[in-house]
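Spelled out, the chains give:
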Amino acid sequence: MARPEQGSRARPLRGLPSTAAVVGHPIHPMLIPFPITFLTAALATDVAARATEDPFWSRTSRWMLGAGLVTGLVAGAVGAIDYFTIRRAREKSVGKLHAYGNPLALGLAAANLALRQKRQAGAMPNAAEIGLSTATAAVLGVTGWAGAELSYRHMVGVAGHGDQHTDEEKRYVP
């Protein structure tokens, strides 16, 4: 008789607690709303700047990009701890998509901010800058989905009671 598939109701996945946690609470999920919000808000403020021609929105876009980069680096550092210490995260294709896609989003945002630093603070965003904001938001949509798949479908980095990692799951896999 065939054994039920791992992750089915008959054989559920055990949750793997985050290795970067405070009192059992995973840190990465607490941090990721900030860069996602800031970097997608940069697109919204770019659109507002072009629609209203109000320099306030252009300046706000710069602030959103800067805040998104700083908070994204912090969230990424904590996420990297989980990625490199939880084997299941590295084995899943959505884990790789999440881990390698987010630095791409931060790179796009950094390029966007660098372009803006060369111009006057209130200058309206140009097509390249709006394109970079759009690309950043799109990449974050995909990587955010991948991160949710890791947490909710594959039970990676969830809050748990004690260490639920098996010795095999703890083994480092490059």
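For the structure, check the block above.
Residues numbered from 1 in each chain as written. Predicted model: local features only at pLDDT ≥ 70, side-chain atom pairs only at ≥ 80, totals over all residues. Heavy atoms only, no water.

Caption draft 1: Structural context of the overall build of the chain. Helices and strands together make up the secondary structure of the chain, namely seven helices and four strands. Helices (α) and strands (β) of the chain occur, in sequence order from the N terminus, as β-β-β-α-α-α-α-α-α-β-α. Counting the 174 residues in the chain, one finds 37% classified as buried. Excluding contacts between residues fewer than 6 apart, the proportion of contacts in the chain whose partners are at least 24 apart in sequence is 78%. (Helix = DSSP H or I, 4+ residues; strand = E, 2+ residues; numbered from the N terminus. Buried < 20%, exposed > 50% of the residue type's maximum accessible area, 1.4 Å probe, protein only. Contact = heavy atoms within 4.5 Å.)

Caption draft 2: Just a nonpolar patch on the surface, in detail. A cluster of nonpolar side chains, contributed by Leu97, Val142 and Trp145, occupies part of the molecular surface with about 280 Å² of accessible area. For Leu97, the position within the fold is in helix H5 (residues 93-117). Given a relative accessible area of 36%, Leu97 falls into the partly exposed group. (Patch = residues over 30% accessible without salt bridge, like charges linked within 9 Å, V, L, I, M, F, W, Y side chains within 5 Å. Areas by Shrake-Rupley, 256 points an atom, 1.4 Å probe, with all protein chains shown as cover. Salt bridge = Lys/Arg side-chain N within 4 Å of Asp/Glu carboxyl O.)

Caption draft 3: Just the pattern of salt bridges, in detail. For the coordinates displayed, the defined rule picks out four salt bridges. Put simply, Arg87 and Glu91 hold a salt bridge, and the shortest N to O gap is 2.6 Å. You can see Arg87 and its partner Glu91 sitting in helix H4 (residues 87-91), four residues apart, about one turn around the helix. Classification of Glu91 by relative accessible area gives partly exposed; the value is 45%. Residue Arg119 is joined to Glu129 by a salt bridge in which the shortest nitrogen-to-oxygen separation is 2.7 Å. Here the residue Arg119 occupies a position in the loop between H5 and helix H6 (127-153), and Glu129 occupies one in helix H6, the gap between them amounting to 10 residues. In this structure Glu129 comes out as buried when scored by relative accessible area, which is 1%.

Caption draft 4: Just the nonpolar core, in detail. One finds Leu39, Leu65, Leu69 and Ala109 to be the most contacted residues of the largest nonpolar core, which totals 13 residues. Of all the elements in the fold, those that place two or more residues in this core are helix H2 (33-52), helix H3 (55-85), H5 and H6. Considering each element in turn, this core owes the most residues, five residues, to H5. (Core = buried A, V, L, I, M, F, W, Y, C linked by side-chain atoms within 4.5 Å.)

Caption draft 5: Local environment of the packing of aromatic side chains. Per the counting criterion, the structure on display carries three aromatic pairs. Their ring planes at 75° and their centres at 4.8 Å tell us that Phe56 and Trp57 sit as a pair that is edge-to-face. Phe56 gets classed as partly exposed once you look at its relative accessible area, which sits at 40%. For Trp57, a relative accessible area of 28% puts it in the partly exposed group. A centroid spacing of 6.1 Å and a plane angle of 80° characterise the contact between Tyr83 and Tyr100, whose relative ring orientation is edge-to-face. (Phe/Tyr/Trp six-rings, centres within 6.5 Å; stacked < 30°, edge-to-face > 60°.)

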